[in-house]
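Structural overview for review
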Amino acid sequence: MAKITWKMQDGTVISAEVKDGLNLMEAATANNVSHIMGECGGCLSCATCHVFVAHEWLAKTGEVDDIEDAMLEMTEVEREENSRLSCQIIASPELDGLLLHVPEPE
Amino acid sequence: MRREDPLARCDGGEFEDYWSLTRYEDIITYNRNFELLSSSRGIRLEDQSYEEYLARRTFQETDPPEHTHMRMLVGKAFSRRVITEYEKTIRELCDEILDQSLPLGEFDAVKEIARQLPMRMLGQIIGVPDDDLDWLVTKGDELIAASDPEYASPLAMDDDSDEYRLLPFRSPAGAELYDYAKRLIKDKAGRNEQSGVLELITRPNAQGEVISDTEFRNFFCLVVAAGNDTTRYALSASLHALANKPELLKQLQQADGDLWDTATEEMIRWASPTMHFRRTAMRDFELHGKNVREGDKVLFWFVSGNRDETQFDNPFEIDLTRKPNRHMAFGQGGPHVCLGMWLARLEVRLLLQALVGRVKSIRQAGKHEFLRSNFVGGIKRLPLFVELNSS
């Protein structure tokens, strides 16, 4: 299990205990985190599960591969250096306490 | 069927029998499992040989990673951020279309409105002259609606379509569209012209990869065919709803931004124009006590998932405030989720916004007619009376 927190731009937060092995897009939609849609079910086709990973967590959430890198060009809110598609981050005990900022269009 | 036999063995008539998967939850679970249920042997219930499949396929008939590769090339041109930039253009097109149609008072709303917007938007996307659009859309209809005698001759299922079996969608229109796309690439290269969303996809992506001519040609057919009629039928279902439920029109006339968000999704759920996509089992598996064999066809009935009462309260009612509304009209939940979904959503929203601002009442002026198809479902004729605001 890992406690994951999603922080919206207005400061509101949603936290959930997420089972190991579940990807964080699925965890977000299960907890009704707005703006995280996950339209392709985590198949890297849609870029609708974009998050900004809190900088101190970047190393632990892993590397962005070529496909994710290309898909990050298609996000609604423009990518930044800490951008990830949350379907590619898998819950594990090492991610306990992870903070994700949810991008919101203006 | 959804309640009692959620994975039903169905009689395929002249084609092989097939399995129908009809529950929301099952479709969501299996749609992403492309290793088990592959798109690479066809995506409609009609059978095709390996030879036919090779000749006719677009990236719809591929699985990841091949599919993902193509998605990487074309995705940006249809991303939400790029599509949002078309808002002003779409608004202008909506005004133009309604200026021409509404003063008629009584008219076929499919012909005058629902067919018009996606067709004119297609011109913007592929950067072709307006004069070519009607021809292109007619050919697109011949591809998709090949089982409706009004749209196609010869019928895809008739024997005399045999000579066309290696063409996209088993239709002679596929060959004509191929030729058109080939000319288009050549002309554009000759004039060094930069226009349309499609221009974006001919540029190298961040990885330096470029779309091949064959990929472009197949993609062109897909955009002309798949992107067009589906948005049309989403619009015609919405217009039909407004004409028959005046309270919905009233609700939209007083709508704020949040209501427009939910109303657009609900109209698209309600319409569910693409009724199914088919997959093929890559190995034996068991589900709901049934044994699916390798090579069997399994159909995802998105139109049924969108009416599943375990996922949607009152699924047969239009609730413009429905939220959450995780419908599957765009094939959500798998790698093939509709590439054009942001464009479709924007077109539906802006057309309805422009319309409800202009009219006092809408009602049906005669019987509507459905397209004959087991693939794309929608109203192809919708006679309406429209009363304009007096101002």
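Throughout, residues of each chain are indexed from 1 in the direction in which the sequence is written. Chain labels run from A onward and ligand labels from 1 onward, assigned in the order the entries are written. With pLDDT at 70 or above as the cut-off, local features in this predicted model cover only qualifying residues; side-chain atom pairs require 80 or more to be listed or tallied, and sums for whole chains, interfaces and linings still use all residues.

A word on the overall build of chain B
Only runs of H or I of at least four residues qualify as helices and only runs of E of at least two qualify as strands under DSSP, and these elements are numbered from the N terminus. A count of helices and strands for chain B gives 15 helices and 12 strands. We compute the radius of gyration over the C-alpha atoms and compare it with the globule rule, which gives 2.2 Å times the number of residues raised to the power 0.38. Taking 391 residues into account, the globule formula puts the C-alpha radius of gyration at 21 Å, and chain B, at 21 Å, falls close to it. The buried share of chain B, taken over its 391 residues, is 47%. Remark: residues whose backbone-derived C-beta atoms lie within 7 Å of one another are considered to be in contact. A separation threshold of at least 6 residues defines the contact pool for chain B, and within that pool the share at least 24 residues apart is 72%. Burial in this document is a count-based property: other C-beta atoms within 10 Å of a residue's C-beta are tallied, and the residue is buried at 20 or more, exposed at 12 or fewer, or partly exposed in between, with C-beta positions derived from the backbone.

A closer look at the interface of chain B and chain A
Chain B puts 22 residues into the contact, and the matching count from chain A is 17 residues. No other element matches helix α3 (residues 66–74) of chain B, which puts 3 residues into the side of chain B that touches chain A. Under the grouping applied here, Gly and all other residues not named as nonpolar or charged are polar, the nonpolar ones being Ala, Val, Leu, Ile, Met, Phe, Trp, Tyr, Cys and Pro and the charged ones Asp, Glu, Lys and Arg. Among the residues making up the side of chain B that touches chain A, the classes are represented as 8 nonpolar, 9 polar and 5 charged.

Some details on the sheet that holds strand β4 (residues 106–108) of chain B
All names here are of chain B. Strands qualify as paired when DSSP identifies two bridges or more between them. Read from one edge of the open sheet, 3 strands run β4-β12-β9, paired in antiparallel fashion. The sheet is open, and its two edges are formed by β4 and β9 (359–364), each paired on a single side. Neighbour to neighbour, the strand axes of the sheet diverge by 30° on average, direction disregarded. Here β9 runs beside strand β12 (residues 383–388); their pairing, made up of 5 bridges, is antiparallel. Looking at the pairing, valine 359 lines up with leucine 388 of β12. All axes are obtained by fitting lines to C-alpha atoms, using only the stretch in contact for helices, and the reported angles, taken between N-to-C directions, cover 0 to 180 degrees.

So, the sheet that holds strand β2 (residues 18–21) of chain B
Adjacent strands of a sheet pair through backbone hydrogen bonds, lying either parallel or antiparallel. All names here are of chain B. The strand order β1-β2-β8-β5-β3 describes an open sheet built from 5 strands, whose pairing is mixed. One side of each edge strand has no neighbouring strand; the edge strands of this open sheet are β1 (7–10) and β3 (37–38). Here 4 bridges tie β2 to strand β8 (residues 297–301), and the two strands are oriented parallel to one another. From the neighbouring strand, tyrosine 18 faces β8, where its bridge partner is lysine 297. Its contacts with the sheet place helix α1 (residues 24–31) against β2, β3 and β8, and it is angled at close to 115° to β2.

Notes on the pairing of β2(B)
Summarising the sheet, β1(B) and β2(B) pair through 4 bridges and their orientation is antiparallel. Each bridged residue has a counterpart across the sheet, and for Arg9(B) the counterpart in β2(B) is Trp19(B).

Some thoughts on helix α15 (residues 341–356) of chain B
What sets the pattern is the α-helix's 3.6 residues per turn: residues three or four places apart point alike. The first and last C-alpha atoms of α15(B) sit 23 Å apart over 16 residues, in line with the 22 Å expected at 1.5 Å per residue. For α15(B), the buried fraction is high: 14 of the 16 residues fall into the buried class. To estimate the expected span of a helix, count its residues, drop one, and scale the result by 1.5 Å.

Some remarks on the confidence of the model for chain B
The predicted model of chain B has a mean per-residue pLDDT of 89, with 90% of residues at 70 or higher. In the predicted complex, the global pTM is 0.92; the interface-specific ipTM is 0.92. pLDDT is defined as a per-residue confidence score from the predictor, taking values between 0 and 100.

Focus: the packing of helix α11 (residues 213–244) of chain B against helix α13 (residues 257–271) of chain B
Residue and element names in this part refer to chain B. For the pair α11 and α13, the least separation of the axes is 9 Å and the interaxial angle reads 105°. Classified by the angle their axes make, α11 and α13 are roughly perpendicular. Where α11 abuts α13, its residues Tyr233, Ala234, Ala237, Ser238 and Ala241 lie against Met267, Ile268, Trp270 and Ala271. Within the contact of α11 with α13, the residues separate by chemical class into 8 nonpolar, 1 polar and no charged. Angular relationships are summarised with four words: roughly parallel below 35 degrees, roughly antiparallel beyond 145, roughly perpendicular across 65 to 115, and oblique for the angles in between.

Concerning unusual backbone geometry
Cis geometry marks the peptide bond from Pro64(B) to Pro65(B); its omega dihedral reads 5°. Of note, Pro65(B) is situated in the loop between α2 (50–56) and α3. Cis geometry marks the peptide bond from Lys323(B) to Pro324(B), where omega comes out at -5°. With respect to the helices and strands, Pro324(B) occurs in the loop between α14 (302–305) and α15. Non-glycine residue Ala47(A) carries a positive phi angle of around 60°. The topology assignment puts Ala47(A) in the loop between α1 (24–30) and β3 (50–53). The backbone phi angle of Ser272(B) is positive, close to 35°, even though this residue is not glycine.

Here's the deal with the packing of helix α5 (residues 87–101) of chain B against α15(B)
Residue and element names in this part refer to chain B. Close contact between α5 and α15 brings their axes to 9 Å; oriented N to C, the two are set at 45°. On the basis of the axis angle, α5 is oblique to α15. Once α5 is placed against α15, the crossing between them reads as right-handed. Residue-level contacts link Glu87, Ile90, Arg91, Cys94, Asp95 and Leu98 of α5 to Leu346, Glu347, Leu350, Leu351, Ala354 and Leu355 of α15. Crossings are sorted by hand: turned counterclockwise from the far helix by less than a right angle, the near helix makes the crossing left-handed, and turned clockwise it makes it right-handed.

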